[in-house]
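# Observations on chain architecture
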Amino acid sequence: RIRRRAHSLANHNVVRNPSLYNKPFVESYEETPLLVAVLTYMGYGILTIFGYLRDFMRHWNIEKCSVARERDEQKDFVPLYQDFENFYTRNLYTRIRDNWNRPLCGVPGSKMDIVEQVSHDYNRTFQNTGKIMRDVINMGSYNYLGFAENVGQCADAAIQVTEKYGSGVCGTRCEMGNLDIHQEMEELVARFLGVESALTFGMGFATNSMNIPALAGKGCLILSDELNHASLVLGARLSGSTIRVFKHNNMVSLEKLLRDAIVHGQPRTHRPWKKLLIVVEGIYSMEGSIVRLPEVIALKKRYKAFLYLDEAHSIGALGPNGKGVVDYFGLDPKDVDIMMGTFTKSFGAAGGYIGGKRELIQYLRSHSHSAVYATSMPPPVAQQIITSMTTIMGEDGTSLGADRLRQLSENTTYFRRKLREMGFIIYGNDDSPVVPMMLYMPAKIGAFGREMLKRNIGTVVVGFPATPIIESRARFCVSAAHTRETLDVVRGVRGVSGPLVRPWKARRTRRSSPFIRLTKGSCVSSKALHPSRHGA
Amino acid sequence: KLCICCICLGLYNNKNRKEKRKTKMASGQQWVLVEMVQAFYEAPAYHLILEGILILWIIRLLFSKTYKLQETNKLTEKEKEELIEEWQPDPLVPLVSKDHPSLSYDIVTGPPSHKIIINGKECINFASFNFLGLLDNDRVKQKALTSLKTYGVGTCGPRGFYGTFDVHLELESRLAKFMKTEEAIIYSYGFATIASAIPAYSKRGDIVFVDEAACFSIQKGLQASRSVIKYFKHNDMEDLDRLLKEQQLEDHKNPRKAKVTRRFIVVEGLYMNTADICPLPELVKMKYKYKVRIFLEESLSFGVLGEHGRGVTEHFGVNIDDIDLISANMENAIASIGGFCCGRSFVIDHQRLSGQGYCFSASLPPMLAAAAIEALDIMEEDPDIFTVLREKCTSVYHALQGTSGLKLVGVPLSPSLHLQLERSSGSRDTDQRTLRRIVDYVSLREVALTIARYLEKEERYLPPPTIRVLVTVEQTDEEIQKAVSCIKEAALAVIS
């Protein structure tokens, strides 16, 4: 399995159409070292054995079972959960549950205040200690442009709007929930994206899951990247179309699917497909990779497919003007049929949008599940979007937006470079503010998260099922709100966090393998390819 | 041809040998083998070669596929290119006719509170789900503002990754306390609540019994679950009983499958589409009789029905623990955003890892959670508010009876009523236009109403076109009088 993955990675790193890119496209992955893979599987093996042992003991009441039970009245009902369904949760996740859902009690800015919690029953329940961990460095929130603030022009405007409108809407867009502030926001979003028209929704997840069904249906084929977000997967499934999955960011795989689809038509009937819809994301939040958009657009044009681009993480976070991955590659937004994105991340608000041609938006206004049945966006949230967006566009008359964009891009480059110099295995594109660092082993997930918190740094750690089973990782989200000193603290701590939790180092010999791909004649000195080890 | 030749030769050779064998047969069976070896030595070379070829040929015939579909069907690259060149997709979206009602939304200037400015005209609001008038309540606003000043607007993350705030935890425990259940879980979008909750429990192969008037988010949740869906007639317990009995028979046939097939009844407390109440006590009886779990969607009944606004369980005096899961949104009576599920920890906790809309979505902005907490405070402090609402609902219900040409759909206790054409013209579009004229007529007289909107092609059971009449505690008796007489006048003017 390991070899196969390495193979697929090697494949997908082949430069196919360098002429389509106007700048180097550097994305690196590293094959999981064999020793690490073996140890990781062993780790899971031990956890599983102990899991079974403890389940056995719980069954015979040797160990006290603290898990919530079915009501006595309903004991003879068909069990609500199959026993194996919760095996992972009960025996693996619970052990390290304290690394997630840590409650905040302030702004999720560059630093955050976390409510300190302890568990006296092995992570089944948590109690507040009454203490608050102040100024924990926040490497976990998707606050790319630092708009999560409680002071400043965004907050001020939101306060005014709350005073005027209150916080709810109590109606759908189609009925009585279409406020003037929504109209204003949608016009601004369309202008920001450079599209004819835009439509906004109250929840980012629902923007995907409730609009894809309006765009594709029976007899349509959705080509979806294997690492697409759950909301895209759900939307595709709800649409009733056929779904085929291509390898992550692999254009060879995508092209093959496109060709086969047109040549062979629908399965069994061999009728031609009604539509082909390619669904990709701008930045993949677990991988840190950026979609190879120039190639996707070339393929889409060649095979007359439609392109659905989910810019949840890339809008605001990429591109010289913060307009996402289209802006980053210097492409024309008109080449993307459906521009989708969320306001949760870079804009520090909530909700999502879809932008595109006027006909598309008109159709969605009348056929989107979300527009017809769901309550529209709360006014303060809409205002937060308006203010942060005008700031990014520089229409507020200041250079605050431009400064933040520059700061984010500098921070990203700096942080990624430093980590790489220290020899850690990090994934993803050099320009992506999402920085996954490989931990591999299940035990390290918990240990790393806890040790970092002890050192006053909040990071996100993820393991199976969010990642492949042997590729547990920690994830840092770089923000424009971080200062260079903050980032230095983070990487400084990493070096001393003890050998136990030290993440795996990249092997020097591997750095020169084809797993680093460079595009368009860009030349990188051998030093960059062979980072010296004493950096750590 | 060659093949036939070989076979002929082979047959000829065999025939020769068989004749030879026959003559010696009498001398005993033991000689057969020896003779065969002898014959082999004696046979001429051409004979052996031919026989060898024959054997090889037979082996080939045995192992080769008789008919090679792919080989004959294989397209050349050029043909593929031509196919790709020829293929034309459907347009991404069909054109929407210019007069589609959704293309000209009514524009509300300012807050959609008791007095609402629609398309520049101030009206009394009978069109927002603001039942308790909490939308522009000062206390709620102040609480939201304080929260905004502490937390900012967005949460920048899902609940798992630093998107949990202390207010979320507080709201969850407050909701659980208010509903008198063990646990509650909040979602950041009302629509996504039940739509995520159903597929968290009901999987492929499980069976869900659903009222056919169930709202759209339930329908989507069912679709996502990929379970077997059985619709029963709206509020018809006999029909449900029939389906459950049928299932019981099925179970007897296949007890092993029955032991792992989960079953659920999904109903709404107060139906969005028909404005009537589900017969909960009967449903609970069915639950224990047939061992089916009940999921109850209370978006309209939460904060409306019952002495303390706890919804349809309180209305009927049903023990809330008998309902496996209650889901409601906080976008109607609570006048905030989002939704919640509540019930026993055994059930609810599962959603924290399996509720898609919970795990994979950014959490609710803290200021909206804070507003919801304050709304709960108000509801707890002053349960009279529900009595007032009930009185208003009943009075609107009775006043709207006997409107010429219009039929009132719903029960007296429902704050969300439907006015339906008594005689449909037979065309949905025409009906819709007639109703729209009524809405326009009353809006000129400063009463805001709205037409209930549906995705006509997607609804499982499409309700007839109606005007929504939404009752709130803020509407005074005079205003109700005025609105009712306006509607009656409009109906006379438009329909006759």
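Here the residue index of a chain counts from 1 through its sequence in written order. Lettering of chains starts at A and numbering of ligands starts at 1, both following the order in which they are written. Per-residue local features of the predicted model are confined to residues with pLDDT of at least 70, and side-chain atom pairs are confined, for both listing and counting, to 80 or more; whole-chain, interface and lining totals are unaffected and use all residues. With hydrogens and water stripped out, all remaining heavy atoms of the structure feed into the side-chain values.

Under an unreviewed UniProt entry, the name given to chain B is Serine palmitoyltransferase 1, and the organism recorded is Gadus morhua. Checking UniProt for chain B, the heading Cofactor (unreviewed entry) contains the comment "pyridoxal 5'-phosphate". UniProt positions are given in the numbering used here, feature names are shortened, and annotations may be inferred rather than shown by experiment.

Labelled according to an unreviewed UniProt entry, chain A appears under the name serine C-palmitoyltransferase, originating from Gadus morhua. Its UniProt record, at the heading Sequence similarities (unreviewed entry), says of chain A: "Belongs to the class-II pyridoxal-phosphate-dependent aminotransferase family." Its UniProt record, at the heading Cofactor (unreviewed entry), says of chain A: "pyridoxal 5'-phosphate".

## Brief notes about the UniProt feature "transmembrane region" (unreviewed entry) in chain A
Sites flagged by UniProt as "transmembrane region" (unreviewed entry) map to residues 34-53 of chain A. Secondary structure over residues 34-53 of chain A splits into 100% helix and 0% strand, and the C-alpha atoms at its two ends are 29 Å apart. Secondary structure counts use DSSP, requiring at least four H or I residues in a row for a helix and at least two E residues in a row for a strand, with both numbered from the N terminus.

## A short note on the sheet that holds strand β5 (residues 221-225) of chain A
Residues and elements named next belong to chain A. The strand order across the open sheet formed by 7 strands is β4-β10-β9-β8-β7-β5-β6, and the pairing between neighbours is mixed. Taken across any chain shown, the strands that pair with only one partner, and hence form the sheet edges, are β4 (197-201) and β6 (242-246). Shown here is a sheet whose adjacent strand axes are inclined to one another by a mean of 20 degrees, direction ignored. A pair of strands is labelled paired if DSSP reports no fewer than 2 bridges between them. Strand direction decides the pairing type here: β5 and β6, joined by 5 bridges, are parallel. Axis angles are defined between N-to-C directions and span 0 to 180 degrees, where every axis is a line fitted to C-alpha atoms and, for a helix, only to the segment in contact.

## Remarks on the confidence of the model for chain B
Any residue range with low pLDDT should be treated as having predicted coordinates unsuitable for detailed reading. Residue and element names in this part refer to chain B. Taken over all residues, the pLDDT of chain B has a mean of 90, while the share at 70 or more is 92%. Mean pLDDT values over the elements of chain B span from 52, in helix α1 (residues 2-24), up to 97, in strand β5 (residues 207-211). The complex prediction reports pTM at 0.87, with the ipTM value standing at 0.89. You can read pLDDT as the predictor saying how much it trusts each residue, on a scale of 0 to 100.

## A closer look at the UniProt feature "domain: Aminotransferase class I/classII large" (unreviewed entry) in chain B
Using the residue numbers shown here, the UniProt feature "domain: Aminotransferase class I/classII large" (unreviewed entry) corresponds to residues 122-412 of chain B. Strand forms 15% of residues 122-412 of chain B and helix 47%; the C-alpha atoms that close the span are 28 Å apart.

## So, the pattern of salt bridges
One side-chain nitrogen of Lys or Arg within 4 Å of one carboxyl oxygen of Asp or Glu is enough to make a salt bridge. Inspection of every chain in the model, using the stated rule, returns 57 salt bridges over all chains. Between Asp260(A) and Lys256(A) there is a salt bridge, and its shortest N-O distance comes to 2.9 Å. Taken together, the residues Asp260(A) and Lys256(A), both in helix α8 (residues 251-264) and 4 residues apart, mark about one turn of the helix. Classification of Asp260(A) by relative accessible area gives partly exposed; the value is 25%. Here Glu380(B) ties to Arg174(B) by a salt bridge, and the two come within 3.0 Å at their closest N and O atoms. Residue Glu380(B) is located in helix α18 (residues 366-381), and its partner Arg174(B) is located in helix α8 (residues 166-179); the two are separated by 206 residues in the primary sequence. Only protein chains enter the calculation, and the probe is 1.4 Å; a residue is then buried if its accessible area is under 20% of its type maximum, exposed if over 50%, and partly exposed in between. The exposure class assigned to Arg174(B) is buried, which follows from its relative accessible area of 12%. Taken together, the shared-partner salt bridges connect Arg259(A), Arg302(A), Glu77(B), Lys80(B) and Glu81(B) into one network.

## Quick word on α18(B)
Here a helix's expected span is defined as the number of its residues, less one, multiplied by 1.5 Å. Taking 1.5 Å of rise per residue, 16 residues should cover 22 Å, and α18(B) covers 22 Å from first to last C-alpha, within 8% of that figure. For α18(B), the buried fraction is high: 14 of the 16 residues fall into the buried class.

## Things to note about the layout of surface pockets
A cavity, in this analysis, means grid points on a 1 Å lattice covering only the protein atoms where a 1.4 Å probe fits yet has no way out; a pocket is instead an open set bounded by protein on both sides within 12 Å along at least five of seven lines, and a residue lines either one if it has an atom within 4 Å of a point. Grid points are joined across faces, edges and corners, and a volume is the space filled by probe spheres set on the points. In this structure, the second largest pocket encloses a volume near 970 Å³. For the lining of the second largest pocket, the elements supplying multiple residues, two or more each, are α6 (204-215) and α11 (358-367) of chain A together with α20 (428-444) of chain B. Among the elements that line the lining of the second largest pocket, the one with the most residues is α20(B), at 5 residues. Under the grouping applied here, Gly and all other residues not named as nonpolar or charged are polar, the nonpolar ones being Ala, Val, Leu, Ile, Met, Phe, Trp, Tyr, Cys and Pro and the charged ones Asp, Glu, Lys and Arg. Class assignment for the residues of the lining of the second largest pocket results in 16 nonpolar, 8 polar and 12 charged.

## Considering the interface of chain A and chain B
Here, residues are in contact when the closest pair of their heavy atoms is within 4.5 Å. Taken together, the 117 residues of chain A in the interface contact 117 residues of chain B. Where chain A abuts chain B, roughly 10100 Å² becomes buried across the two surfaces, and 64% of that area is made up of carbon and sulfur atoms. Along the contact surface separating chain A from chain B lie 7 salt bridges. Among the ionic pairs, Asp76(A) bridges to Lys291(B), the shortest N-O distance being 3.0 Å. Counted by class, the side of chain A that touches chain B contains 59 nonpolar, 33 polar and 25 charged residues. Summed over both partners, the accessible surface that disappears when two parts come together, traced with a 1.4 Å probe, is what is meant by buried area.

## A look at the packing of helix α19 (residues 384-399) of chain B against helix α21 (residues 477-495) of chain B
Residues and elements named next belong to chain B. Where α19 meets α21, the axes come as close as 10 Å, and the angle between the chain directions of the two elements is 25 degrees. Between α19 and α21, the angle is such that the two are roughly parallel. Here α19 runs over α21; the crossing is right-handed. Across from Lys 392, Ser 395, Val 396 and Ala 399 in α19, the residues of α21 making contact are Asp 477, Ile 480, Val 484 and Lys 488. Residue composition of the contact of α19 with α21, by class: 4 nonpolar, 1 polar and 3 charged. Under this scheme an angle from 65 to 115 degrees is roughly perpendicular, one under 35 degrees roughly parallel, and one over 145 degrees roughly antiparallel; angles in between are oblique. Crossings are assigned a handedness: left-handed for a near helix turned anticlockwise from the far helix by less than a right angle, right-handed for a clockwise turn.

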